[in-house]
Number of protein chains: 2
Amino acid sequence: MASESADEFEIIRTLFAPYADNAGARGLTDDAALIEGRFVVTTDAIVEGVHFLPGDPIATVAMKAVRVNVSDLVAKGARPTAALMTLIWPRSRPAEEIAVFAEAFGGDLQHFGMTLLGGDTTSTDGPLTISVTAFGEPFSPRTPSRADAQVGDDVWLVGGEIGSAWLGLQLRSGAMKLDEIRRDRDEAQARADSEAMAGHVPDYLSLPGEPFDAEAAWLMSTYLAPFVRLECASVVAAYARASMDVSDGLVADAAKLAAASNVALRIDANAVPFSIPSERWAFSGGDFRNLITGGDDYVVLFTADPGQRGELETSEWAGALRLSRIGAVEAGEGVRVVNAQGDDIPISNAGFSHKLGR
Amino acid sequence: MASESADEFEIIRTLFAPYADNAGARGLTDDAALIEGRFVVTTDAIVEGVHFLPGDPIATVAMKAVRVNVSDLVAKGARPTAALMTLIWPRSRPAEEIAVFAEAFGGDLQHFGMTLLGGDTTSTDGPLTISVTAFGEPFSPRTPSRADAQVGDDVWLVGGEIGSAWLGLQLRSGAMKLDEIRRDRDEAQARADSEAMAGHVPDYLSLPGEPFDAEAAWLMSTYLAPFVRLECASVVAAYARASMDVSDGLVADAAKLAAASNVALRIDANAVPFSIPSERWAFSGGDFRNLITGGDDYVVLFTADPGQRGELETSEWAGALRLSRIGAVEAGEGVRVVNAQGDDIPISNAGFSHKLGR
């Protein structure tokens, strides 16, 4: 069939060229790149209307495409090194946005220490789609899989909070109003926080028709471009038995790890790390089960020998990476979420579907 | 946001599992795979309505997704070894087709000696999209790029014919009628050939409302699932200075090679390999320039030292792989196509747009 015009290809190549490794990627002029070594490799695509909203800023969409892949590498204890990218661009989207996309995508690669090895560009009448294949260099000889959990292991989260992205999506999509996360909050303090930040953050972190709100901005930014911390890879490499990233909701992903390892996972609800606005929302009438099933968290779930508990709890990462021991690996199958008394909390995934379809 | 239900994921995983390498790919249960060595890596996506027609059989769509990537590896002198695949599946397409897709995709990987390292699956309201990242093991220490052509080199094609896929697309899309490729043909012989093959080929190689035609079937099968020959990789590794695969039309791709190498390419029209039906079509009124600009050929274009001409022309591959010396590398820029008298034939890419948009 046909190609873009040579001109169009040339423009796109030029936009992405600054982020290429010219040895392996040959300045993006070739059909293939050369790599050599021992790599963890992963692939993840994001699709408009499925993984992000059509109105999301193109810059954060680019960052999200990078970060959902970085998250997979980090969860395997690997340092990200390089990526290939397929960009499927809607004809209806302004072509000028490609330059913004390229700068954000390339900038984010650089932020994570990655180079662009190559890619493929296509125009489409369908949704914007970005598929990334990412390579990482493992920090340790052993790369933890989902299948390595053992009965008696502690269950840990590292890298951030659960549920903030879900709340951010509710705000951005209009499914939830600003006052739902402001309930029971000190209004004067909220105004002061927001006034201090207003003007220092991008416009897209404001809600149309609402005053700027610092906590809403934080929640929405977590949804738009997850904060993936490279340092988590060191924790995984040093301590994890089984490991995976949490992207589809804590409960659903814990169930996948449990199934792969032929074990059960117990999650202690009161040990799960939430953000301050998420906790306030839950304590003032919100159902916290939305937070642990909502998805888009991009933190790392891992299991470890309980003998390493002391070392992990006192490590330098404990605070900075919000390292949290959230439960234990048990005999059996599936996931149970328990309250402080150890009683099961009923979780029905089907009941929490304020989500984009995937 | 949300995931497919665990069940749906499990079904898809099971469908693709037979094609996984269980060491590196961990039976497709993990988020990442391990690879080690020296690799050529490439990525190419195919999108419904752009690279294939909505009505194309799902099995050949799967094969095409594999082969457009195999073609890139072969053109770099590499033996394909493994792939990652992102499948973006329209909600409107019957889910039963996924099993057919998986079998054809996996079967084609096996045919080329490749294993599946992992992937990602998403539902979409947009077009069916398959993005593949493929890995290959280079046959020689040096991997030819597009930029290595030298003035005085011979220009070669290896792996098949130019233009058959374009004619096949015209037939399948209805842009051309069967009698246009039957002109000046021995009708009795055509009927005999077709009767001998009828019933031995898939239904989708027949045209609706037309008698089965063996040559039309060949042309359409070339468009639907290109015949990529692994042996071409050996020729490239042994002889190529610059090399790339021809996917966007011979003239357009030759222009890319010329630009990357800072040289001009001369193509001798009468030396370009065409199929018998393509030649007959061109000699009975069709404009042959459509064949050399049409695309989807998936053969290899390379340049080589003229000192190797004798060896190449008498090699065992010359016949089987349709090795053809089609021109020369000259000083200057761009591509010129010349007739038997050496006169330039005007080529306007814009004039030959009976193509799907890309």
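All of the points below concern the structure found in this document. (Residues numbered from 1 in each chain as written. Chains lettered and ligands numbered in written order. Predicted model: local features only at pLDDT ≥ 70, side-chain atom pairs only at ≥ 80, totals over all residues. Heavy atoms only, no water.)

Points about the relation of the copies chain B and chain A
Of the transformation superimposing chain B on chain A, the axial component is 0.0 Å and the angular component is 180°, with the fit at an RMSD of 0.0 Å. Overall, the copies show the geometry of a two-fold rotation axis. The rotation axis passes nearest to the C-alpha of B:Gly126 in chain B, at a distance of 2.3 Å. Taken together, the interface assignments show that 100% of the residues at the interface of chain B recur at the interface of chain A, consistent with an identical surface on both copies. (Least-squares fit on C-alpha atoms with pLDDT ≥ 70 in both. Contact = heavy atoms within 4.5 Å.)

Some points on the environment of B:Arg185
Residue and element names in this part refer to chain B. Along the chain, Arg185 falls in the loop between helix H5 (178–182) and helix H6 (187–197). Overall, the relative accessible area of 11% leaves Arg185 in the buried class. Along the sequence, Arg185 and Leu301 sit 116 residues apart, while their C-alpha atoms lie 31 Å from each other. Here Arg185 is in contact with Ala190, Asp213, Glu215 and Arg280, once residues within four sequence places are set aside. Among the polar contacts listed, one links the side chain of Arg185 to the side chain of Glu215, at a separation of 3.4 Å. (Helix = DSSP H or I, 4+ residues; strand = E, 2+ residues; numbered from the N terminus. Buried < 20%, exposed > 50% of the residue type's maximum accessible area, 1.4 Å probe, protein only. Polar contact = N/O pair within 3.5 Å; in protein donor to acceptor, adjacent residues only side chain to side chain.)

With respect to the side chain of A:Thr43
Tracing the sequence through the fold places A:Thr43 in strand E1 (residues 33–47). The exposure class assigned to A:Thr43 is buried, which follows from its relative accessible area of 7%. Residues within four places of A:Thr43 in sequence aside, it is in contact with A:Asn69, A:Ser131, A:Val132, A:Thr133, B:Leu84, B:Met85, B:Thr86, B:Gly119 and B:Asp120.

Describing the pairing of strand E10 (residues 334–338) of chain A
Residues and elements named next belong to chain A. When strand E7 (residues 264–268) meets E10, the two strands line up parallel, connected through five bridges. The residue of E10 that forms the bridge with Leu265 is Val335. Where E10 and strand E11 (residues 344–345) come together, two bridges link them in antiparallel fashion. For Val337, the partnering residue across the bridge sits in E11 and is Ile345. (Pairing = 2+ DSSP bridges.)

Describing the pattern of salt bridges
All names here are of chain A. If you walk through the whole model with that rule in mind, you get 54 salt bridges over all chains. Here Glu48 and Arg93 are joined by a salt bridge, their closest N and O atoms 3.5 Å apart. Taken together, the residues Glu48 in the loop between E1 and helix H2 (58–75) and Arg93 in the loop between strand E2 (78–90) and helix H3 (96–111) connect sequence positions 45 residues apart. Arg93 gets classed as buried once you look at its relative accessible area, which sits at 11%. (Salt bridge = Lys/Arg side-chain N within 4 Å of Asp/Glu carboxyl O.)

Re the sheet that holds strand E5 (residues 154–158) of chain B
All names here are of chain B. If you trace the seven strands from one edge of the open sheet to the other, you get E6-E8-E5-E9-E7-E10-E11, paired in mixed fashion. A strand with exactly one partner marks an edge of an open sheet, and here the two such strands are strand E6 (243–246) and strand E11 (344–345). Helix H2 (residues 58–75) rests against E6 and strand E8 (299–304) of the sheet, and its axis sits at about 155° to E6. Along the sheet, helix H9 (residues 250–261) makes contact with E5, E6, strand E7 (264–268), E8, strand E9 (324–330) and strand E10 (334–338), crossing E6 at roughly 160°. (Axes fitted to C-alpha atoms, helices over the stretch in contact; angles between N-to-C directions.)

A short note on the interface of chain B and chain A
Chain B puts 65 residues into the contact, and the matching count from chain A is 65 residues. In total, chain B and chain A occlude about 5100 Å² of area from one another, counting both sides; carbon and sulfur atoms represent 55% of this. Taken together, chain B and chain A are joined by two salt bridges. In this structure, the salt-bridge partner of B:Arg38 is A:Glu36, at a minimum N-O distance of 4.0 Å. Across the contact surface, chain B and chain A share eleven residue pairs in polar contact (both at pLDDT 80 or more). At the level of secondary structure, the elements contributing two or more residues to the side of chain B that touches chain A comprise strand E1 (33–47), H2, strand E2 (78–90), strand E3 (115–124), strand E4 (129–138) and E6 of chain B. Here the side of chain B that touches chain A gets 14 residues from one element, more than from any other, and that element is E1(B). Per-class residue counts for the side of chain B that touches chain A are 25 nonpolar, 21 polar and 19 charged. The sheet contact formed by E1(A) and E1(B) spans nine bridges and is antiparallel. (Buried area = accessible area lost by both parts, 1.4 Å probe. Nonpolar A, V, L, I, M, F, W, Y, C, P; charged D, E, K, R; others polar.)

Looking at unusual backbone geometry
Backbone geometry places A:Asp184, a non-glycine residue, at a positive phi of 60°. Its location among the elements puts A:Asp184 in the loop between helix H5 (178–182) and helix H6 (187–197). Residue A:Asp184 is classed as exposed on the basis of its relative accessible area, which comes to 66%. Phi at B:Tyr298 is positive, roughly 55°, even though this residue is not glycine. Its place among the elements puts B:Tyr298 in the loop between helix H11 (289–293) and E8. B:Tyr298 gets classed as buried once you look at its relative accessible area, which sits at 8%.

Details of the pairing of E7(A)
Residues and elements named next belong to chain A. Most of E7 is tucked away, with four of its five residues classed as buried. With four bridges joining them, E7 and strand E9 (residues 324–330) adopt antiparallel strand pairing. When the bridges of E9 are listed, Ala264 appears paired with Glu330.

Looking at helix H4 (residues 164–173) of chain B
Residue and element names in this part refer to chain B. Burial analysis of H4 places eight of its ten residues in the buried class, the great majority of the element. Among the residues making up H4, those that are buried are Ser164, Ala165, Trp166, Leu167, Gly168, Leu169, Gln170 and Leu171. Where H4 is buried, its residues meet H5, helix H7 (214–224), helix H10 (276–283) and H11. Note on H4: the residue one or two positions beyond its end, Gly174, has a positive phi of about 85°.

Quick word on the sheet that holds E2(B)
Sheet strands associate in pairs through backbone hydrogen bonding, adopting either a parallel or an antiparallel arrangement. One open sheet accounts for eight strands, arranged E3(A)-E2(A)-E4(A)-E1(A)-E1(B)-E4(B)-E2(B)-E3(B); its pairing is mixed. The sheet is open, and its two borders are formed by strand E3 (115–124) of chain A together with E3 of chain B, each paired with just one other strand. For this sheet, the mean inter-axis angle between neighbouring strands, taken without regard to orientation, is 25°. Note that E1(B) and E4(B) share eight bridges and pair antiparallel.

Structural notes on the environment of A:Ala214
Residues and elements named next belong to chain A. Checked against the element boundaries, Ala214 lands in helix H7 (residues 214–224). Considered as a pair, Ala214 and Ser131 are 83 residues apart in the sequence and their alpha carbons are 32 Å apart. Setting aside its immediate chain neighbours within four residues, Ala214 contacts Asp193, Ser194 and Met197.

Looking at the packing of H2(B) against helix H3 (residues 96–111) of chain B
All names here are of chain B. At a minimum axis separation of 8 Å, H2 and H3 run at an interaxial angle of 40°. Where H2 crosses over H3, the handedness of that crossing is right-handed. Residues Ile58, Ala59, Ala62, Met63, Ala65, Val66 and Arg67 of H2 lie in contact with H3, whose contacting residues are Glu97, Val100, Phe101, Ala104, Phe105, Asp108 and Leu109. Here the contact of H2 with H3 is composed, by residue class, of eleven nonpolar, no polar and three charged. (Left-handed = near helix turned anticlockwise from the far one by under 90°.)

Regarding H2(B)
With 18 residues, H2(B) ought to run about 26 Å at 1.5 Å a step, and its terminal C-alpha atoms sit 26 Å apart, in line with that. For H2(B), a buried count of 16 out of 18 residues is recorded, marking the element as mostly surrounded by other parts of the structure. (Expected span 1.5 Å × (residues − 1).)

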